[in-house]
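Analysis of the macromolecular model
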Amino acid sequence: MRIEVRNLCKAFSGVAVVRDVSFAVAEGQLVALLGPSGGGKSTILRIVSGLEDPDSGEVWLGGSRVDRVPARERGVGFVFQHYALFPHMTVRENIGFGLRVRKHDPAAVAARAEEMIRLVGLHGLGERYPHELSGGQRQRVALARALCPAPKVLLLDEPFGAVDAKIRGELRAWLRKLHDEVGVTSVFVTHDQEEALEIADRVVIVHDGRVEQDGSPEEIWRAPANAFVAEFVGAGNRFAGQVRQGKIDLGFLSVPAPEGVAEGENLVLLCRPTEVFVDAGPALPDAPRIARIAFLGTTMKVEVEIPGRDAVVAEIPPSALRDKNLAVGMPVRLCLSAYQAFGRDSLATQPATSVTPVGTWFMDGGGI
Amino acid sequence: MVTDASGPGAGAGPRRLPFGLLDSPRLHRPALRSLGLGYLIVLVVLPTAALGYSSLADGPGAFWRHVTRPEALAALRLTFGMALLAALLSAVLGTVAAFAITRLRIPGRALLEALVDLPIAIPTAVGGLMIFAFWGPHGPARGPLDALGIEVLYAKPAILLALLFVCFPFTIRAVQPLVEGIDLAQEEAAATLGASRPQTMRWIVWPSIAPGVAAGSMLSFARALGEFGTVAIVAGNLPMKTQMASVYVYAEVESGRPRSAAAVSLVLVAASVILILASDRYVRRAGGGRRRAAGGGR
Amino acid sequence: MIVTARDILGRRGRAAAASATYLYFLVVLALPIGWLFLEAFGFGPGTLLAKIGSPEALHAFRLTGLVTAIAVVVNAVFGTALAIVLVRHRFPGRALANALVDVPFAVSAVVAGLMMVLLYGPDGVLGAFLDSSGVRVLFALPGIVLATLFVTFPFVVREVAPVLRQAGTEAEEAARTLGARPMTILFRITLPTIRWALGYGVLLTAARSLGEFGAVLLVSGNILGRTQTAPLYVYQAYTDFDLAAAYAVSIVLIAVALAMVVVLEIWKLRRRRIERVRV
């Protein structure tokens, strides 16, 4: 069922946590609310579920407005970050709870609970108590419990926040598969951009109580709507520059300027470490030099120091490092293969939502 | 801790306190143990054994005769009945109060919270005098009660009030931590699953606090069984009518019949020990079943 | 405004629970205490002060203070020792010893007094022996102290033992590897670990000692000006229809009780904060 929220606002003891948030989730989609902790994502989710009521704004489920409907009548499934399983009930009783309180026939409840147990792959664990289960298993029980009464929509609050990193990856893929099987419209909250980009059909970026961007994972990655989104989804390097003769002069490097920028304009460039290339360079006194090399697994993290500036971080394949004989202390040349440019003044003085990117640049080279 | 084996570096240790002799590892461990256990034996084991011995010294027949004297039986019956009533009442009211103090933002919460332990600190004789003052001949309730023909002082209602006073903290203090420990997300989960308020209360909240209620009411019952000071002042202490078992024991001692007193005491002690052991199990279960009270971030 | 899921009682339920709570506190605690104060002040401040300052009352206060002080010191030392032994030592009968600690909780004050009478009275084993060696226990200070020690026995042990168990032995073992002696460890590591729990146990001991009535009544003989503690004095005055004296001493005892409760409450909050930080 389609979910739509319009102009939601919510403050806790005078502090605005959600500010005029609107977005819609199409029937059958899996959507991520992504953003840093404390940005209001969970509150939005709780308002949709009815656990919190909005100060203003509307929540629509399907064709009906539900923001004044109590949670117990709203028919949403909710998965809590710390599971919130009932400790004195078995797995089966936990899962069947939603049907039991609606006075369904016990046999029907048992059959449906069994079906759910099988769906989430917990065969044979129906008589266990929550404290006898692993974190991942508890998460599955929580999900089965939420799905059991066939909710109109499924809401998940940091569903993988409480399991350890190894299982998180498995659960993630499993959740996507389960969603495709069940097909229920779902929204999940996460602060992990990798998680959001990997399994969501669409990502809504929430920061400081506002929606910063709403788009497909690829759009978010390729064309961040503003500097906040760009930095949040992984653009780790930040440069200040000025437009000079059709190029952006960063002081140590000039890169091509996007269309439509005026001569002399001040810009901020954001660039992912994977888009920074490092090569051996001339040994000038103020040349950038490699300060540190760290092994990250599939890539190497190279930190380059530029006299009088912040360090630049690059991620390059180990083979490149070997081929170019790069080592700590060596003078290097840098080039940026892709970056986003943002108006500097607007970035500093206006809320991030209103900062539109001046341009995005993809290229194969550039340099000194 | 004070276990043995000082390593080779012991002599070169940090600044030493002036307990050279007690530092000897062969001495301090047995010394500590005899100190602690000796204390236990002198203060608890010997008196308890004396009670057991005296009550049974004349044989089981004598014990039975002492316990089944009409005055003794009447006192025991009254005591168990009033204690049960007080325990049940304070279980219900104490649970409600614990819930109200911890969960509801009722005005004056901090004051109530501080008052809970007062009956532990107020001497029982003073507690009795308080009840005497309020319900007695000069009390504000005297007029209406007289008009209605209700006797409070020197009758069962006063006994009940006295027992409620001394039992006051037990249920509240046993239930409070459990109410605090409830994971609110569980109640929210129940709500999203469609449970009504009474259903959530019955299926989610009650199982979490039930062990505390059980433990608290058992402790109350045990305490009420033995209560003396308040009761001695307000109960009237008429044998066969308003004489509680503890007062009966006192009267028997004063009349020079310590064996008879010991027999009735043994019944009281046995009942209390069983209750306290049982409540201990509940408390432990409640502790073991307690779950982390973490809520999600917002 | 919809009612959120956390509000389990609903508006009417909340109102009912709040009124029941207030009523409970009022009827059982607040009104009787308040009325006792009203009645007491009805006698006028002059009378009250005279009653509190009478030689018998003063002696009763002094005796109560002395007994409390002894009970606090003895329990602090021996109770801590017993807690350490119960938690850290392994010996046959440990479970039994552990269970015996709670016996005084289960014993009525009067029965506690009776136990002392049976043990130290003229017919008791120890009583006969002590009498023959010239030590008077019953109807004297030692009897009062023993009875008080009995009823306050579990407080320190039961507060200290769990903290010791939870703290484990790591810090003490670390100190030992650093070459600290047992006594140094006791004073520098163990005691600082348990000091909040010990303080709480001591406060409970003091509160109970100040108010102990039934046990003391039986063993003291209630001899005016000699073995009469403050609670006994209240009882005596009440049975003698000297209500002014009974109320006067009562308000002093209630004031002390209130002060104790406030200290206990503060102590509890502080302790909870500190022990939470440590864990």
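Throughout, residues of each chain are indexed from 1 in the direction in which the sequence is written. Chain A is the first chain written and ligand 1 is the first ligand written, with later ones labelled in order. Residue-level local features of this predicted model are given only where pLDDT is at least 70; pairs of side-chain atoms are given and counted only at 80 or more, and the full residue set underlies all totals for whole chains, interfaces and linings.

**Focus on the overall build of chain B**
Numbered from the N terminus, helices here are DSSP runs of H or I no shorter than four residues, and strands are runs of E no shorter than two. Scanning chain B for helices and strands turns up 13 helices and 0 strands. Along chain B, helices and strands appear, N-terminal first, in the series α-α-α-α-α-α-α-α-α-α-α-α-α. Think of it as a crowd count around each C-beta: if 20 or more other C-beta atoms lie within 10 Å the residue is buried, if 12 or fewer it is exposed, and in between it is partly exposed, with C-beta placed from the backbone throughout. In chain B, which comprises 298 residues, the proportion classed as buried is 53%. Residue pairs in contact within chain B that sit at least 24 positions apart in sequence constitute 80% of those at least 6 positions apart. What counts as a contact here is a pair of residues whose C-beta atoms, placed from the backbone, lie within 7 Å.

**Let's talk about the overall build of chain C**
Each helix and strand counted, chain C has 13 helices and 0 strands in total. Going from the N terminus to the C terminus, chain C shows its helices and strands as α-α-α-α-α-α-α-α-α-α-α-α-α. In terms of its C-alpha atoms, chain C occupies a principal-axis envelope of roughly 80 × 65 × 30 Å. When contacts within chain C are restricted to residue pairs at least 6 apart in sequence, those whose partners lie at least 24 apart make up 74%.

**Details of the sheet that holds strand β18 (residues 312-316) of chain A**
All names here are of chain A. Here, any two strands with at least 2 DSSP bridges between them count as paired. Reading across from one edge, β16-β17-β18 is the order of the 3 strands in this open sheet, with antiparallel pairing throughout. Whereas interior strands pair on both sides, the edge strands pair on one side only; in this sheet they are β16 (289-295) and β18. Between one strand axis and the next, the sheet turns by 25° as a mean value, whatever way the strands run. The pairing of β16 with strand β17 (residues 300-305) spans 6 bridges and is classified as antiparallel. Bridged to Ile290 within β17 is Val304. In this analysis an axis means a line fitted to C-alpha atoms, helices contributing only their contacting stretch, and an angle means the value between N-to-C directions, from 0 to 180 degrees.

**Details of the interface of chain B and chain A**
Listed per partner, the contact involves 20 residues of chain B and 27 residues of chain A. Among the elements that line the side of chain B that touches chain A, the one with the most residues is helix α9 (residues 184-192) of chain B, at 6 residues. Residues were grouped as follows: Ala, Val, Leu, Ile, Met, Phe, Trp, Tyr, Cys and Pro as nonpolar; Asp, Glu, Lys and Arg as charged; and all remaining residues, including Gly, as polar. Its residues assigned to classes, the side of chain B that touches chain A comprises 8 nonpolar, 8 polar and 4 charged.

**Let's talk about the nonpolar core**
Defined on buried residues, the nonpolar core groups Ala, Val, Leu, Ile, Met, Phe, Trp, Tyr and Cys residues joined through C-beta atoms within 7 Å. In terms of nonpolar packing, the biggest core is built from 288 residues, with Leu129 of chain B together with Leu114 and Val234 of chain C touching the most fellow members. Sorting elements by how many residues they give to this core places helix α3 (residues 70-103) of chain B first, with 16 residues. Once residues within four sequence positions are removed from consideration, Leu129 of chain B is found in contact with Ile233 of chain B together with Leu36, Val234, Tyr238, Ala246 and Ser250 of chain C.

**A word on the interface of chain B and chain C**
Listed per partner, the contact involves 90 residues of chain B and 83 residues of chain C. When residues of the side of chain B that touches chain C are assigned to their parent elements, the largest contribution, 18 residues, is made by helix α1 (residues 25-56) of chain B. Considering only residue class, the side of chain B that touches chain C consists of 66 nonpolar, 17 polar and 7 charged.

**A short note on the confidence of the model for chain B**
All names here are of chain B. Confidence of the prediction at every residue is given by pLDDT, a number between 0 and 100. The predicted model of chain B has a mean per-residue pLDDT of 85, with 86% of residues at 70 or higher. Summarising per-element confidence for chain B, the mean pLDDT is lowest in helix α13 (residues 258-289) (82) and highest in α3 (96). Segment residues 1-22 is flagged for pLDDT under 50; beyond a separation of four residues in sequence, or across chains, it makes 39 contacts in the model. Every residue in residues 287-298 is under pLDDT 50, and counting partners more than four places away or in other chains gives 26 contacts.

**Quick notes on the sheet that holds strand β2 (residues 15-25) of chain A**
Residue and element names in this part refer to chain A. Spatially, β2-β1-β4-β5 is the arrangement adopted by the 4 strands of the open sheet, whose pairing is antiparallel. Two strands lie at the open edges of the sheet, namely β2 and β5 (64-65), each paired on one side alone. Here strand β1 (residues 3-12) pairs with strand β4 (residues 56-61) via 5 bridges, running antiparallel. Residue Cys9 lies in a different strand from β4, and its bridge partner there is Ser56. Running over the sheet, helix α1 (residues 41-49) touches β1, β2 and β4 and is turned about 115° from β1.

**Brief notes about the environment of Glu315 of chain A**
Residues and elements named next belong to chain A. With respect to the helices, strands and loops of the structure, Glu315 is situated in strand β18. The spatial distance from the C-alpha of Glu315 to the C-alpha of Phe277 is 8.0 Å, given a sequence separation of 38 residues. In this structure Glu315 touches Pro273, Thr274, Leu296, Thr299 and Lys301, once residues within four positions along its chain are discounted.

**What about the packing of α3 of chain B against helix α8 (residues 156-181) of chain B?**
Residue and element names in this part refer to chain B. Close contact between α3 and α8 brings their axes to 6 Å; oriented N to C, the two are set at 40°. By the angle class used here, α3 and α8 are oblique. α8 is crossed by α3, and the crossing has right-handed handedness. Throughout, the term roughly parallel applies to angles under 35 degrees, roughly antiparallel to angles over 145, roughly perpendicular to angles from 65 to 115, and oblique to all others. By convention the crossing between two helices is left-handed if the near helix lies anticlockwise of the far one by an angle smaller than a right angle, and right-handed if it lies clockwise.

**Describing helix α9 (residues 170-177) of chain C**
Residue and element names in this part refer to chain C. Looking only at α9, the buried set comprises Glu172, Ala175 and Arg176. Seen end-on, α9 carries its buried residues on one side only, within an arc spanning 100°. Away from its buried face, by an angle of more than 90 degrees, α9 presents the exposed residues Glu170, Ala174 and Thr177. The elements touched by buried residues of α9 are α10 (182-211). Looking one or two places after α9, you find Gly179, whose phi comes out positive at around 95°. Arc definition: it is the arc formed by the directions from the helix axis to the C-beta atoms.

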